[in-house]
Amino acid sequence: MEFKHISVLLEETVDSLNIRPDGIYVDGTLGGGGHAYEVLRRLSKQGRLIGFDQDADAVRAAAERLDVFGEQAVVIRSNYACMRDELLRLGVRKVDGILLDLGVSSFQLDTPQRGFTYRDADAPLDMRMDDRQEMTAKDLVNGYSETELFRIIRDYGEEKCARAIARRIVDVRGKKEICTAGELCDIIRMAVPAKLQKSGGHPAKRTFQAIRIALNHELEVLEDNLADMIDLLNDGGRISVITFHSLEDRIVKTIFRRSERPCTCPPDFPVCVCGNVSKGKVITGKPILPTEEEMKFNKRSKSAKLRVFERKEQ
């Protein structure tokens with residue numbers, strides 16, 4: 001199956017980086033290479049883009065798409081959590097811009113064997129963004145305790161019926177292992193009251209999202225590495241992050257604000273004594289959202305939010 005993915009907020013994201021033609025840029029979530037291609041198109045022969053993705057299909061597709069730029073484009077199969085170490089291996093200590101397009105790609109959602117979709121009953125419960133990882137969604141669903149499942153579905157899916165869903169999963173798997181998306185969807189339908197299933201889209205949407213996030217450690221990776229990525233920027237460099245749900249957006253917003261105003265002194269202190277120094281400024285007071293036209297063209301862009309931070313050395 002051909003790797004297809006429509007880049008969300010394409011122009012807005014690349015514009016927000018304030019591209020320097022001779023700069024070094026990083027795409028931490030390469031996907032099909034749409035954002036990376038547009039960045040490279042704006043670079044001179046002295047410019048360079050380094051792209052990261054842990055998904056083998058994405059790496060193959062992006063490498064093929066970016067091949068036209070020759071050695072200006074470097075594609076690395078790795079999680080963006082390893083960005084600093086991978087850049088050092090290339091002799092790069094600082095960059096002029098970083099972009100992250102978080103979440104799951106259209107290709108991953110539309111390829112049943114990847115197990116991300118709840119719309120194909122026969123799809124396996126996989127959901128791994130990196131197939132080198134041993135644990136799958138099937139292992140999580142059948143192996144985690146009821147308490148752990150409840151916490152994941154409640155916290156990562158923001159699902160009102162999390163406790164009932166977790167309890168039902170444990171009841172069913174006690175009789176038979178849960179192996180497919182269809183089996184898990186049936187369990188969720190049994191746990192969610194009929195009146196709640198009439199609104200808010202597919203009843204399994206939030207639970208599948210929660211399991212995917214937990215399995216791939218998406219929020220932990222973002223929270224543990226975003227501040228470090230700001231430190232990788234040259235003076236005036238920018239980091240632009242596209243999120244697709246409130247948990248991601250909250251992390252980005254909090255870390256950007258903390259990086260701009262890191263002082264931990266009590267408000268009544270006349271001067272700062274904590275010694276924390278600002279890393280720069282938040283460019284987006286409010287997130288940049290897709291236009292009505294983009295949302296009509298690409299329905300998956302509806303929940304996208306773009307936030308931008310600019311590094312300023314003190």
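For every chain, the first residue of its written sequence is number 1, and the numbers climb from 1 along that sequence. At least 70 in pLDDT is required for a residue's local features to be given in this predicted model, at least 80 for side-chain atom pairs to be given and counted, and no such filter applies to totals for whole chains, interfaces and linings, which use all residues. Each side-chain value is derived from all of the structure's non-hydrogen atoms; neither hydrogens nor water enter the calculation.

Undergrad: Explanation requested: the side chain of Glu-159 in the structure shown.
TA: Here Glu-159 is to be found in the loop between helix H7 (146-157) and helix H8 (162-173). Under the scheme applied here, a residue whose accessible area is under 20% of the maximum for its type counts as buried, over 50% as exposed, and between as partly exposed, the area being computed with a 1.4 Å probe on protein chains only. Within this scheme the basic residues Lys and Arg register as positive and the acidic residues Asp and Glu register as negative, but His and the chain ends are omitted. Salt bridges are defined by distance alone: a side-chain nitrogen of Lys or Arg within 4 Å of a carboxyl oxygen of Asp or Glu. Look at Glu-159: it is buried, it has no salt bridge, and the nearest opposite charge is Arg-206 at 4.8 Å. Of note is the side chain of Glu-159, whose polar atom sits 2.9 Å from the backbone nitrogen of Cys-161. Contact criterion: two residues are considered in contact whenever any of their non-hydrogen atoms come within 4.5 Å of each other. Every residue in contact with Glu-159, bar those within four places of it in the chain, is listed here: Ile-153, Arg-154, Ile-165, Pro-203, Arg-206 and Thr-207. In DSSP terms, a helix is any run of H or I states spanning at least four residues, a strand is any run of E spanning at least two, and both are numbered starting from the N terminus. Pairing of N or O atoms within 3.5 Å defines a polar contact, subject to two protein rules: one partner must be a possible hydrogen donor and the other a possible acceptor, and residues neighboring in sequence count only if both atoms are side-chain atoms.

Undergrad: Quick question: what am I supposed to make of the packing of aromatic side chains here?
TA: Two numbers describe a pair of aromatic rings. These are the distance of the centres and the angle of the planes. The rule is short: rings of Phe, Tyr and Trp, with Trp giving its six-membered ring, pair when the centres are within 6.5 Å, and they are stacked under 30 degrees, edge-to-face over 60, tilted in between. Using the criterion set out here, one finds three aromatic pairs in the structure. When the ring of Tyr-37 is compared with that of Phe-69, the centres are 5.1 Å apart and the planes differ by 70 degrees; the resulting orientation is edge-to-face. With Tyr-37 in helix H2 (residues 34-41) and Phe-69 in the loop between helix H3 (56-66) and strand S3 (73-77), this residue pair connects regions lying 32 residues apart in the sequence. With a relative accessible area of 31%, Tyr-37 lands in the partly exposed category. For Phe-69, a relative accessible area of 16% corresponds to the buried category.

Undergrad: Just checking my understanding: could you explain the state of the cysteines for this structure?
TA: By definition, a disulfide is the covalent link that joins the sulfur atoms of two cysteine residues. In this description, the term disulfide denotes a pair of cysteine sulfurs within 2.5 Å. Scanning all chains against the criterion turns up zero disulfides. Just so you know, Cys-161 is unpaired, no disulfide at all, and the nearest cysteine sulfur is the one on Cys-185, 15 Å from it. Cys-185 forms no disulfide, and the closest cysteine sulfur to it belongs to Cys-179, at a distance of 14 Å. Judged by relative accessible area, Cys-185 falls into the buried class, the value being 3%.

Undergrad: Honestly, the sheet that holds strand S2 (residues 48-53) in this entry has me stumped. Any pointers?
TA: Within a sheet, neighbouring strands are paired by backbone hydrogen bonds and run either parallel or antiparallel to one another. Criterion used throughout: strands pair if DSSP finds at least two bridges between them. The mixed open sheet is built from seven strands, whose spatial order is S3-S2-S1-S4-S5-S7-S6. Pairing within the sheet leaves two strands with one partner each, and these edge strands are S3 and strand S6 (280-282). The average undirected angle you get between the axes of adjacent strands in this sheet is 15 degrees. Sheet topology note: the strand S1 (residues 24-27)/S2 ladder contains four bridges and is parallel. Across the sheet, the residue bridging to Val-26 is Ile-50, located in S2. Axes here mean lines fitted to C-alpha atoms, for a helix over just the part in contact, with angles spanning 0 to 180 degrees between N-to-C directions. Against the sheet, H3 engages S2 and S3, with an angle of about 170 degrees to S3.

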